[in-house]
Amino acid sequence: MATELERIIKLTRGVPPDEALPCELVGECCAQALADHGEVLLQYNPATGFAPLRELLAEQAGAPSDALLLGNGSIQLLFFLARVALSEGETVVTERPTYDRALTAFRTLRLNVVGVPMEDDGLNVDALEEAINRHRPRLLYTVPDFQNPTGITASTAKREAVVELAQRHDVLIVEDIPYRLLRYKGTDVPSYRELTPRHTMQLSSFSKLLAPGLRVGWALGDPALVARMAKVAEDAYITPGLLGQGVVYEFLRRGHLEPNLRTLKALYTPRLEALLRGLERELPEGTWAHPQGGFFVGLSLPPGADVRDVARVARESYGLVVSDSGGFFPDGDPSRFVRLPFCALDENEIGQAVARLAWAVDDSRKGGR
Ligand SMILES: Cc1ncc(COP(=O)(O)O)c(C=O)c1O
């Protein structure tokens, strides 16, 4: 046991494992993209991105290409969107908890961020309505599929209720869906864009579907808003990283995405199952989401445990590093919440990690070590 514990386990980052990165195929696609489009990919270009990829993604979404903006990952596109759609001091509503980097983006722009609690099937709609009436937000930021950090997917009924509120109060729904295609079981729920295209800006990314280092994300919505985002993008970097976009284009053109998704699902499904089994076994007094895809399971610690103390004991006594839960909370109390990312660890490490977490919870509830 002592030697096992000497190995530190990081239960912190929602990144793909190295073995999920298709280096060889990316190399081939890169060579082909350069052979076919080298002078474009290596040159300054419009800030909207590599035109063939823009057109392909827009066509797949059934949208005109001017509704789609390619950028260096979706988080920066969220930043551009918030910059053009909102002024300092205006309100954004988010889920609570939510994606920590989205909160950082909103705070950097000095926006007022109001959290609405998550339930097992998505936002608490009554609390959302109350927040809308009280704070008159312009924008709702949501990760409706396999949410980061809880793993929760919003039900169709919840989405319809949110759409009704957004339409009635003229709130822009920003749906951030980088995990949507990583469904390991069950069936898709309609996206917000499908339910209310006029009130939705959709963000997504190839970071979890192919490779984060390529830095290719996109935004899809009202062309007028997309044009304003593109202007901010141009002022920020002139042209996004086109080579990555050329690689993604070639990867899609060759039909590699579907097999890659199958490989990722085969890799991640047993990891999710190992985590859920570990929680049943080790932390039966906790409660957690039961995601059918994505990268994360959100855990509510058993009563009497505080995540700050649990994280300290886990690190100091058991060599387990867990995330700072405060980062996921726009407001409210993070003390019972732990985000458990499961894709970057193998089944054995996941079993170990949950056991160590349970020991830390036990110690912490008994008054610490
Ligand atoms: C909900 C969500 N949005 C956006 C991102 C970042 O995506 P990108 O790498 O495209 O910037 C992540 C990454 O973890 C995420 O979880």
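Residues numbered from 1 in each chain as written. Predicted model: local features only at pLDDT ≥ 70, side-chain atom pairs only at ≥ 80, totals over all residues.

Observations concerning the overall build of the protein
Broken down by element type, the protein carries 13 helices and 13 strands. For 369 residues, the compact-globule estimate of 2.2 N^0.38 gives 21 Å, and the C-alpha radius of gyration of the protein, at 21 Å, lies within 12% of that figure. The dimensions of the protein, computed from C-alpha atoms along their principal axes, are 60 × 50 × 35 Å. Within the protein, buried positions represent 48% of all 369 residues. (Helix = DSSP H or I, 4+ residues; strand = E, 2+ residues; numbered from the N terminus. Rg over C-alpha atoms; globule rule 2.2 N^0.38 Å. Buried ≥ 20, exposed ≤ 12 C-beta atoms within 10 Å, placed from the backbone.)

What about the site of the ligand?
Taken together, the neighbourhood of the ligand is formed by 13 residues, with Gly73, Ile75, Asn148, Ser205 and Ser207 sitting nearest. Grouping the constituent residues of the shell around the ligand by class yields five nonpolar, seven polar and one charged. (Near = placed C-beta within 6 Å. Nonpolar A, V, L, I, M, F, W, Y, C, P; charged D, E, K, R; others polar.)

Describing the sheet that holds strand E9 (residues 217–220)
Judged by pairing direction, the sheet is mixed, and its eight strands sit side by side in the order E2-E9-E8-E7-E6-E3-E4-E5 without closing on themselves. Every interior strand has two partners, whereas the edge strands, strand E2 (68–71) and strand E5 (122–123), have only one. Strands E2 and E9 of the sheet are contacted by helix H3 (residues 51–60), whose axis makes an angle of about 130 degrees with E2. (Pairing = 2+ DSSP bridges. Contact = placed C-beta atoms within 7 Å. Axes fitted to C-alpha atoms, helices over the stretch in contact; angles between N-to-C directions.)

Describing the nonpolar core
Core analysis: the biggest nonpolar cluster contains 113 residues, and Leu78, Val174 and Ala219 have the highest contact counts within it. When residues are assigned to domains, this core turns out to be shared by domain 1 (2–20 + 258–365) and domain 2 (23–253), each giving three or more. Apart from the residues lying within four places of it in its own chain, the contact partners of Ala219 are Leu69, Leu77, Leu81, Met201, Leu203, Val226 and Met229. (Core = buried A, V, L, I, M, F, W, Y, C linked by C-beta atoms within 7 Å. Domains from an automatic or database assignment.)

Remarks on unusual backbone geometry
Negative phi is the rule for most residues except glycine; trans is the rule for most peptide bonds. In this model, Arg96 is joined to Pro97 through a cis peptide bond whose omega is 5 degrees. One can find Pro97 in the loop between strand E3 (91–96) and helix H5 (100–108). Residue Pro149 follows Asn148 across a cis peptide bond; omega there is 20 degrees. Mapping Pro149 onto the fold places it in the loop between strand E6 (139–142) and helix H7 (156–169). For Arg215, which is not glycine, the phi dihedral falls at a positive 55 degrees. Inspection of the secondary structure assignment puts Arg215 in the loop between strand E8 (200–205) and E9. Looking at Arg215, the number of C-beta atoms within 10 Å reads 20, which means it is buried.

A few points about helix H2 (residues 23–41)
Taking 1.5 Å per residue as the helical rise, H2 with its 19 residues ought to reach 27 Å, whereas the 20 Å between its terminal C-alpha atoms falls clearly short. The largest bend in H2 comes to about 70 degrees, at Ala35. Considered for burial, the residues of H2 that qualify are Val26, Cys29, Ala33, His37 and Leu41. (Expected span 1.5 Å × (residues − 1). Bend = angle between axes of the 7 residues up to and from the residue.)

Here's the deal with the domain arrangement of the protein
Annotation of the protein at the domain level lists domain 1 (2–20 + 258–365) and domain 2 (23–253). Centre-to-centre, using C-alpha coordinates, domain 1 lies 26 Å away from domain 2. Facing 27 residues of domain 1, the contacting portion of domain 2 comprises 28 residues. If you list the elements that add at least two residues to the side of domain 1 that touches domain 2, you get helix H11 (257–282), strand E11 (296–300) and strand E13 (337–341). The element best represented in the side of domain 1 that touches domain 2 is H11, accounting for seven residues. Classifying every residue of the side of domain 1 that touches domain 2 gives 15 nonpolar, nine polar and three charged.

A short note on the environment of Val114
As for its position among the elements, Val114 is in strand E4 (residues 112–119). Judged by the 20 C-beta atoms lying within 10 Å of it, Val114 is buried. Counting along the chain gives 51 residues from Val114 to Ala63, while the straight-line C-alpha distance between them is 32 Å. If sequence neighbours within four positions are ignored, Val114 has contacts with Thr91, Val93, Ala131, His135, Pro137, Pro330 and Asp331.

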